[in-house]
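Take a look at the letters that make up each chain.
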Amino acid sequence: MTMRPIRIIGDPVLRTECDPVTTFDAELRALVTDLMDTLLGAPGRAGVAAPQIGVSAQVFVYDADGHRGHLINPTLELSDELQDDEEGCLSIPGLYFPTVRAMHATAHGVDQHGEPLTIAGTGFLARALQHETDHLKGRLYVDTLRGDTRRRALREIRAGRFDSPSRRG
């Protein structure tokens, strides 16, 4: 089991659009395994995207609402119906803010062998699919926030009020 360290806000890899995966080989399968080990290695995690472990590749894993898997080179179809709930991120640990997302999401991509894969979700799974896909585009959930919520989130991030590993000693 290889649990990789999570990159924290401020690391440029989190703000860089990831490269599409074009080679489906043992190296990719090892990345998917490391991502899943990192996801399952600590309780309460719903997903981990490759840039969160320092890899610029369009790959993420998820474990939400009883669904667990991975997706490569995802595209999303989103419903017009919205949900508004607390959202957090392993790369901004300890901070949670109300975040508007589509209620339903369908993600299309491929698996680690290059075979087509579609994942459809509602509620928390839809939120996880959107959150992880955003990571692959260099976006964090705080980028979707608006108004006073966004100002509060940015203030707390600037003040270092998140539970970063360096603050834990």
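As annotated in an unreviewed UniProt entry, the chain carries the name Peptide deformylase and is attributed to Micromonospora tarensis. In its Catalytic activity (unreviewed entry) section, the UniProt entry covering the chain states "N-terminal N-formyl-L-methionyl-[peptide] + H2O = N-terminal L-methionyl-[peptide] + formate". Under the UniProt heading Sequence similarities (unreviewed entry), the note attached to the chain is "Belongs to the polypeptide deformylase family."

Help me out: how do you make sense of unusual backbone geometry in this one?
Phi is mostly negative for residues that are not glycine, and the peptide bonds are mostly trans. Look at Asp65: it is not a glycine, yet its phi comes out positive at around 50°. On the secondary structure map, Asp65 appears in the loop between strand 2 (59–64) and strand 3 (67–78). At Asn73, a residue that is not glycine, the phi angle is positive and equals roughly 50°. Turning to its location among the elements, Asn73 is positioned in strand 3.

How should I be thinking about helix 2 (residues 124–136) in this particular structure?
Count 3.6 residues to each turn of an α-helix, and residues three or four apart come out pointing the same way. Taking 1.5 Å as the rise per residue, helix 2 with 13 residues should run 18 Å; its terminal C-alpha atoms sit 19 Å apart, in good agreement. Summarising burial for helix 2: twelve of the 13 residues are buried, a large majority. Along helix 2, the residues that are buried comprise Leu125, Ala126, Arg127, Ala128, Leu129, Gln130, His131, Glu132, Thr133, Asp134, His135 and Leu136. Immediately downstream of helix 2, the backbone of Gly138 shows phi near 80°, a positive value.

Can you walk me through the sheet that holds strand 2 in this structure?
Hydrogen bonds along the backbone pair up the strands of a sheet, which may run parallel or antiparallel. Strands sit in the order 1-2-3-6-7 across an open sheet of five strands; the sheet is antiparallel. With partners counted over all chains shown, the strands left at the sheet margins are strand 1 (47–49) and strand 7 (116–122), one partner each. For this sheet, the mean inter-axis angle between neighbouring strands, taken without regard to orientation, is 40°. Where strand 2 meets strand 3, six bridges bridge the pair, whose relative direction is antiparallel. By the bridge assignment, Tyr62 is partnered in strand 3 with Gly69. Set on the sheet, helix 1 (residues 26–40) makes contact with strand 1, strand 2 and strand 3; between it and strand 2 the angle comes to about 35°. With respect to the sheet, helix 2 is in contact with strand 1, strand 2, strand 3, strand 6 (104–110) and strand 7, its orientation differing from that of strand 2 by roughly 160°.

Reading the values: the criteria
- Residues numbered from 1 in each chain as written.
- Predicted model: local features only at pLDDT ≥ 70, side-chain atom pairs only at ≥ 80, totals over all residues.
- Heavy atoms only, no water.
- UniProt positions renumbered as here; feature names shortened; annotations may be inferred.
- Helix = DSSP H or I, 4+ residues; strand = E, 2+ residues; numbered from the N terminus.
- Expected span 1.5 Å × (residues − 1).
- Buried < 20%, exposed > 50% of the residue type's maximum accessible area, 1.4 Å probe, protein only.
- Pairing = 2+ DSSP bridges.
- Axes fitted to C-alpha atoms, helices over the stretch in contact; angles between N-to-C directions.
- Contact = heavy atoms within 4.5 Å.

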